[in-house]
Structures are given as structure tokens and as C-alpha cells.
Amino acid sequence: MIDITLLGTGGMMPLPYRSLTSLMIRYNGKSLLIDTGEATQISIRRRGWSFNPIDVILITHFHADHISGLPGMLLAMGNADRTEPVTIIGPVGLEKVVRGLLVIAPRLPFRVDCIELKENDEWFNAIGLKCHAFKLDHSMPCYGFSMSLERAGRFNPEAASKMEIPLQFWRRLQQGETVTDGDKTYTPDMVMGSARKGLKLTYVTDTRPIDSIIEAARGSDLFICEGMYGEADGDEKARDKKHMTMYDAARLAKAAEVRELWLTHYSPSMVNPFEFSDAVKAIFPDAHICKDRRSITLNFEDEENESGEDKQ
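Parameters at a glance
- Residues numbered from 1 in each chain as written.
- Predicted model: local features only at pLDDT ≥ 70, side-chain atom pairs only at ≥ 80, totals over all residues.
- Heavy atoms only, no water.
- Helix = DSSP H or I, 4+ residues; strand = E, 2+ residues; numbered from the N terminus.
- Polar contact = N/O pair within 3.5 Å; in protein donor to acceptor, adjacent residues only side chain to side chain.
- Contact = heavy atoms within 4.5 Å.
- Axes fitted to C-alpha atoms, helices over the stretch in contact; angles between N-to-C directions.
- Parallel < 35°, antiparallel > 145°, perpendicular 65-115°, else oblique.
- Buried < 20%, exposed > 50% of the residue type's maximum accessible area, 1.4 Å probe, protein only.
- Salt bridge = Lys/Arg side-chain N within 4 Å of Asp/Glu carboxyl O.
- Pairing = 2+ DSSP bridges.
- Phe/Tyr/Trp six-rings, centres within 6.5 Å; stacked < 30°, edge-to-face > 60°.
- Lys NZ or Arg CZ within 6 Å of the ring centre and 35° of its normal.
- Core = buried A, V, L, I, M, F, W, Y, C linked by side-chain atoms within 4.5 Å.

**Comments concerning the side chain of His243**
Topologically, His243 is positioned in the loop between helix 8 (234–241) and helix 9 (246–256). Side-chain polar atoms of His243 contact the side chain of Glu226, separated by 2.9 Å. Setting aside its immediate chain neighbours within four residues, His243 contacts His138, Asp206, Thr207, Arg208, Pro209, Glu226, Met228, Tyr229, Ala238 and His265.

**Some details on the packing of helix 1 (residues 40–47) against helix 3 (residues 70–79)**
Running from N to C, helix 1 and helix 3 cross one another at 45°; their axes reach a closest spacing of 8 Å. Between helix 1 and helix 3, the angle falls in the class oblique. From helix 1, Thr40, Gln41 and Ile44 reach across to helix 3, where they touch Gly72, Met73 and Ala76.

**A short note on unusual backbone geometry**
In most cases, non-glycine residues show a negative phi, while peptide bonds are predominantly trans. Although it is not a glycine, Met12 adopts a positive phi angle of roughly 75°. When you line up the elements, Met12 lands in the loop between strand 1 (2–8) and strand 2 (22–27). Taking relative accessible area as the criterion, Met12 reaches 47% and is therefore assigned partly exposed.

**A closer look at the pattern of salt bridges**
Across all of its chains, the model carries 16 salt bridges by this definition. One salt bridge in this structure joins Lys242 and Asp137, with 2.7 Å as the shortest N-O distance. With Lys242 in the loop between helix 8 and helix 9 and Asp137 in the loop between strand 8 (129–135) and strand 9 (143–151), this pair connects stretches of sequence that are 105 residues apart. As a salt-bridge pair, Lys237 and Asp233 come within 3.8 Å of each other at their nearest N and O atoms. You can call Lys237 partly exposed: its relative accessible area is 28%. A network of salt bridges, in which partner residues are shared, links Lys30, Asp55, Arg82 and Glu84.

**Quick look at the sheet that holds strand 13 (residues 222–226)**
The mixed open sheet is built from seven strands, whose spatial order is 7-8-9-12-13-14-15. The open sheet is flanked by strand 7 (121–126) and strand 15 (287–289), the only strands paired with a single partner. Neighbour-to-neighbour, the strand axes of the sheet open up by a mean angle of 20°, direction not taken into account. Relative to strand 8, strand 7 is paired through six bridges, and the arrangement is antiparallel. Each bridged residue has a counterpart across the sheet, and for Ala126 the counterpart in strand 8 is Leu129.

**A look at the packing of aromatic side chains**
Across all of its chains, the model carries one aromatic pair by this definition. Centroid distance Phe169 to Tyr186: 6.2 Å. Interplanar angle 40°. Geometry classified as tilted. Of this pair, Phe169 sits in the loop between helix 5 (157–162) and helix 6 (170–174) while Tyr186 is found in strand 11 (residues 184–186), placing the two residues 17 residues apart along the sequence. Here Phe169 falls in the buried class, since its relative accessible area comes to 9%. For Tyr186, a relative accessible area of 5% puts it in the buried group. The positively charged end of Arg26 is found above the aromatic ring belonging to Trp49, 4.0 Å away from the centroid.

**Considering the pairing of strand 3 (residues 30–34)**
The element strand 3 is extensively covered by neighbouring structure, given that four of its five residues are classed as buried. By the bridge criterion, five bridges tie strand 2 to strand 3 in an arrangement that is antiparallel. Note on strand 3: the bridge partner recorded for Arg26 is Ser31. As consecutive antiparallel partners, strand 2 and strand 3 are separated by two residues, and within that stretch Asn28 has a phi angle of approximately 55°, a positive value.

**A short note on the nonpolar core**
Core analysis: the biggest nonpolar cluster contains 60 residues, and Ile4, Ile25 and Phe223 have the highest contact counts within it. Take this core: its biggest share by element is seven residues, from helix 9. By size, the runner-up hydrophobic cluster in this structure holds 26 residues, among which are Met24, Phe51, Val98 and Leu108.

Scope: geometric values only; no functional claims are made or implied.
Now the structure itself:
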């Protein structure tokens, strides 16, 4: 299962009731952050989660509302007795930006490693999840991220017994390992069924609606997407500032056939985003206007979905 909390839903500037952009993901005892808007560490504390297990930080782009909280976040991790290296992944120029921000946090008790994304599409592994970074259409280089947890097929003990595979090799085959025993070789496909549906989360913010988002998000269990504007003049504002409206996001969710849409990254001028909920749901019924710290636990489809206590 994957635990997810949308730490902040604000864009451009923080408001008393709306923190800036950040998402936290927990899986198998490790944590990953996407973006570190101002005071991200405060929202993590309010959620009751720990800083120490954060191994990876993904940065979508270098606008202040997405990265200005990074020095404070790293200091908070150091104060939580973090000593293992932390990896930060983001667009070209990341190393320079991070080193500049760390002037005000010069004595961290862990190493910070930066990896720069150079292609339109890149794949890597982080905290046990398969990650896809894909380039967006914003006023500066910006990436969206999809994270997948793949799931192997069921082990078939009857097949293993029929082929007289020794019991001590069963677990290794379940783990995807090929086993050689004398002149015999056993491969996982001999005893494993077809791969089952895994889990997928896609996070997109600060972009115009483009077809590549549909392909990257296709089939996601949860699609978190910016809905910067909902007002009548939102289309014009979104085009001018290279952002999306709530309705753009809903149309992308529909085209990508995602299971659930969470809207985030609201303009500070949008005081009450919930007033647009009915219009958004008319396009994509399972859309949700989110508040800070909305949470969910994603489980495999044959397990019960559970939502966090802060889900709004």
C-alpha cells in the first residue's frame, strides 16, 4: 500500500488557510516528497508524519512556490537525526539552485545528491516505486511525475509441486529470481501467474493541458493535477500564465481514464474553490476539490481502500 498526503494546495503565495505546493508519499518505511513550498515542514508536522525517512525529493521546477521551503525542510530532516544521504531530482540547473539555497543551511548531517533531468521522458526508481518524469509546458522547464507499484502474478504451488521444484526454491522464484539446481534451471514464469494490476499515482502542476499528460497519467488510481483557475475568465488567465483551469484538469482525467482526480495549486485570488465543484464533476464525476493535508492510502484492487483521517 502507498500512503499519500497533499501537504499544500496553494499556488504563488501562501495563505493563512492554504500552504504552498508539496506532496508526501510513504511506501515500505520510506518517504518521498514532490516539491517543497514554503513551510512544507510545518504541514508535515500537522499531519503527524516524520521527516527522518525522507530519502528522495522531486522538484517539478524552480518557481519559488515549489522550492522555497527546501532549506527549512532539509534542516528539519537534520534535526530529526537524519544521517543517510538525501537525493534531490529535478530539471537541469538543479545543482546550482540547490547549492545556492543551501548557503543558509550549510551544516547538514547528511550528504545531498542532485540528479538533473535532461530528457523529455526519464524513468528511475525511488523508495521502491517505478517513477516516470515527463516534461510539461510551462514558462520554465517543468516536469510531472508518475509513480507505479507493480505487482507480480500469484504463485502457483500446484505447478511447482507438479514440476518437482524443491520447496527451498519457491520463495526465490516468487521474488523473481532464476534458480539453478545441478543440471536443472527454474524460472519464475514456470510458477507465477500473469502480472496483476498494480498501483499508479500521477502528479501534474504548472502546465498547459498537453496530450503527453494523458499518456503519462493513463489508468492512474489517483491523478493529482493543478486547477489554478475556476472563474469565468480563467481560460484567458491560464493561457497567459501557462497554467490550467479546473476544467482542463477534469478533461485530462476523463481522457486518461483515471480512477480519481484531486485538484490542487489554486490561485490566491480563488478564495472558495469549492464553489466550482459541480461544474468540474459534470466533466469528471470522481473529481475532488482538495484542502491541505487531504490523505489516502492506495491499496491493491483486491484489498479495501482506506482514507486518512484528514481527508476532506
